[in-house]
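Listed here are the chains, written in short residue letters.
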Amino acid sequence: MPTISLPTGEFIEVNSSPDECPRCNKHIHPKAIGAQVVEASRRRTLTMEAIFLCPNHECTSFFIAYYEQSLVSQGRGYSYVYKLVTALPRTPKKPAVFDGIISLSPNFYEIYSQASEADQRKLDQVAGVGYRKALEFLVKDYCCLKRPDDAEKIRATMLGPCIDRYVTDENIRDCAKLATWLGNDETHYVRKWTDRDINDLKALISLTLSWVETSIKTDQYRSAMLNGGS
Ligand SMILES: [Zn+2]
């Protein structure tokens, strides 16, 4: 098992070192440059905080890995090992979205990124509301792209009727409609879809994004090769 050295010269056994930097999110092999064992006042468990330096040249940030002492079986007996719990501070990962969608709706991408950040920070009471708002921008900007003459009406229409009226692609329409139903649940006092949660909402928005990506790419090839191409 790897060890981390304390300023006292003592070596502490740990189950692992962080293999991903929480600042740049890259896979790394970091080296601990300092550590201390912390005696929590209200808990019996000992914890350890270790400072690591990210070796990624584009990052080179410090971060702290938090360990908790636990009893593990080793060979024929048991011994205390510090188990890695988390590493902080954490820079949220930006969601991967097709470039064509980011250009189509920068507002969607900004809101979607913020919702994803809230989600990664376990702020589950606001993440769903953010996803619902992001979905509205995605669908309305997509409808404006397909029906530029109706742009003003599209922007003024509520999301549900907007999907029914202006989205003709069956896959986008159904996924966006189901996502809207679950998204509305995130904003209301009483949930209607009690057997569904934010993970279903995320899955449906992800499906909507895939179908919108397919639609944009198909239109790009269509206009480049079928209309005026030879
Ligand atoms: Zn890093």
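Note: the structure precedes this text.
Just so we're clear, the structure is a prediction, and the values are computed from it rather than from any experiment.

Draft legend 1. Broad picture of helix H6 (residues 170-187). Compared with an ideal rise of 1.5 Å per residue, which puts 18 residues at 26 Å, H6 spans 26 Å between its outermost C-alpha atoms and is within 8% of the ideal. The set of residues buried in H6 consists of Ile 172, Cys 175, Ala 176, Ala 179, Thr 180, Leu 182, Gly 183, Asp 185 and Glu 186. On its buried face, H6 is in contact with helix H3 (124-146), helix H5 (159-166) and helix H7 (198-226). Between a side-chain oxygen at the N-terminus of H6 and the backbone nitrogen of Asn 171 the separation is 2.9 Å; the capping residue is Asp 169.

Draft legend 2. Geometry of the coordination of the zinc ion. Those protein atoms acting as donors to the zinc ion are Cys 21 (SG), Cys 24 (SG), Cys 54 (SG) and Cys 59 (SG), and they sit at 2.3 to 2.4 Å. For the zinc ion, the single-chain donor residues occur in sequence as C-x2-C-x29-C-x4-C. Judged by its relative accessible area of 0%, Cys 21 is buried.

Draft legend 3. Inspection of unusual backbone geometry at higher detail. Note that the residue after Leu 88, namely Pro 89, is joined by a cis bond; omega there is -5°. Looking at the element boundaries, Pro 89 is found in the loop between strand E6 (77-88) and helix H1 (99-104). The phi angle at Asn 25 is positive, at roughly 60°, despite the residue not being glycine. Examined against the element boundaries, Asn 25 turns out to sit in the loop between strand E2 (11-13) and strand E3 (31-39). Even without glycine at this site, Lys 122 takes up a positive phi of about 65°. Considering the arrangement of structural elements, one finds Lys 122 in the loop between helix H2 (106-120) and H3.

Draft legend 4. Structural context of the side chain of Thr 157. Within the secondary structure layout, Thr 157 lies in the loop between helix H4 (151-156) and H5. Within polar-contact distance, the side chain of Thr 157 engages the backbone oxygen of Lys 153 at 2.6 Å. When sequence neighbours within four positions are dropped, the list of residues in contact with Thr 157 reads Lys 140, Cys 162, Arg 165 and Tyr 166.

Draft legend 5. A look at the pattern of salt bridges. A full pass over the atoms with the stated rule returns 14 salt bridges. Salt-bridge contacts for Asp 219 lead to Lys 146; the nearest nitrogen and oxygen are separated by 2.6 Å. Residue Asp 219 is found in helix H7, and its partner Lys 146 is found in helix H3; the two are separated by 73 residues along the sequence. Residue classification places Lys 146 among the partly exposed positions, given a relative accessible area of 36%. A salt bridge links Asp 150 to Lys 153; the shortest N-O distance between them is 3.7 Å. Since its relative accessible area comes to 52%, Lys 153 is described here as exposed. In this structure, a network of salt bridges that share partners links the residues Arg 132, Glu 136 and Lys 140.

Draft legend 6. Focus on the side chain of Thr 47. For Thr 47, the location among the structural elements is in strand E4 (residues 46-53). Taking the relative accessible area as the measure of exposure, Thr 47 reaches 15% and is therefore buried. Excluding its chain neighbours within four sequence positions, the residues that come into contact with Thr 47 are Gln 36, Val 37, Val 38, Tyr 67, Glu 68 and Tyr 82.

Draft legend 7. Structural detail: the packing of H3 against H6. Two elements in contact, H3 and H6, have axes whose closest approach is 9 Å; the angle formed by their N-to-C orientations is 145°. Remark: the crossing between H3 and H6 carries left-handed chirality. Facing Asp 124, Gly 128, Val 129, Arg 132, Leu 135, Val 139 and Tyr 142 of H3, the residues of H6 in contact are Ile 172, Ala 176, Ala 179, Thr 180, Gly 183, Asn 184, Glu 186 and Thr 187. Its residues assigned to classes, the contact of H3 with H6 comprises 7 nonpolar, 5 polar and 3 charged.

Draft legend 8. A look at the packing of aromatic side chains. The full count for this structure, using the stated rule, is 4 aromatic pairs. With 5.7 Å between their ring centres and 15° between their planes, Phe 52 and Phe 63 make a pair best called stacked. On the criterion of sequence distance, the pair formed by Phe 52 in strand E4 and Phe 63 in strand E5 (residues 62-74) is long-range, its members being 11 residues apart. Taken as a pair, Phe 52 and Phe 63 share a single burial class, namely buried. Both rings, one in Trp 181 and one in Trp 193, keep their centres 5.7 Å apart while their planes meet at 10°; by these two values the pair is stacked. Of this pair, Trp 181 sits in helix H6 while Trp 193 sits in the loop between H6 and H7, placing them 12 residues apart in sequence. Members of the aromatic cluster, each reached through a chain of ring pairs, are Phe 108, Tyr 112 and Tyr 131. Here Lys 217 stacks its cationic end above the ring of Phe 98, 4.8 Å away from the centre of that ring.

What counts, and where the lines are drawn
Residues numbered from 1 in each chain as written. Predicted model: local features only at pLDDT ≥ 70, side-chain atom pairs only at ≥ 80, totals over all residues. Heavy atoms only, no water. Helix = DSSP H or I, 4+ residues; strand = E, 2+ residues; numbered from the N terminus. Expected span 1.5 Å × (residues − 1). Buried < 20%, exposed > 50% of the residue type's maximum accessible area, 1.4 Å probe, protein only. Contact = heavy atoms within 4.5 Å. Polar contact = N/O pair within 3.5 Å; in protein donor to acceptor, adjacent residues only side chain to side chain. Donors = N, O, S within 2.8 Å, 3.2 Å for Na, K, Ca; no water. Salt bridge = Lys/Arg side-chain N within 4 Å of Asp/Glu carboxyl O. Axes fitted to C-alpha atoms, helices over the stretch in contact; angles between N-to-C directions. Left-handed = near helix turned anticlockwise from the far one by under 90°. Nonpolar A, V, L, I, M, F, W, Y, C, P; charged D, E, K, R; others polar. Phe/Tyr/Trp six-rings, centres within 6.5 Å; stacked < 30°, edge-to-face > 60°. Lys NZ or Arg CZ within 6 Å of the ring centre and 35° of its normal.

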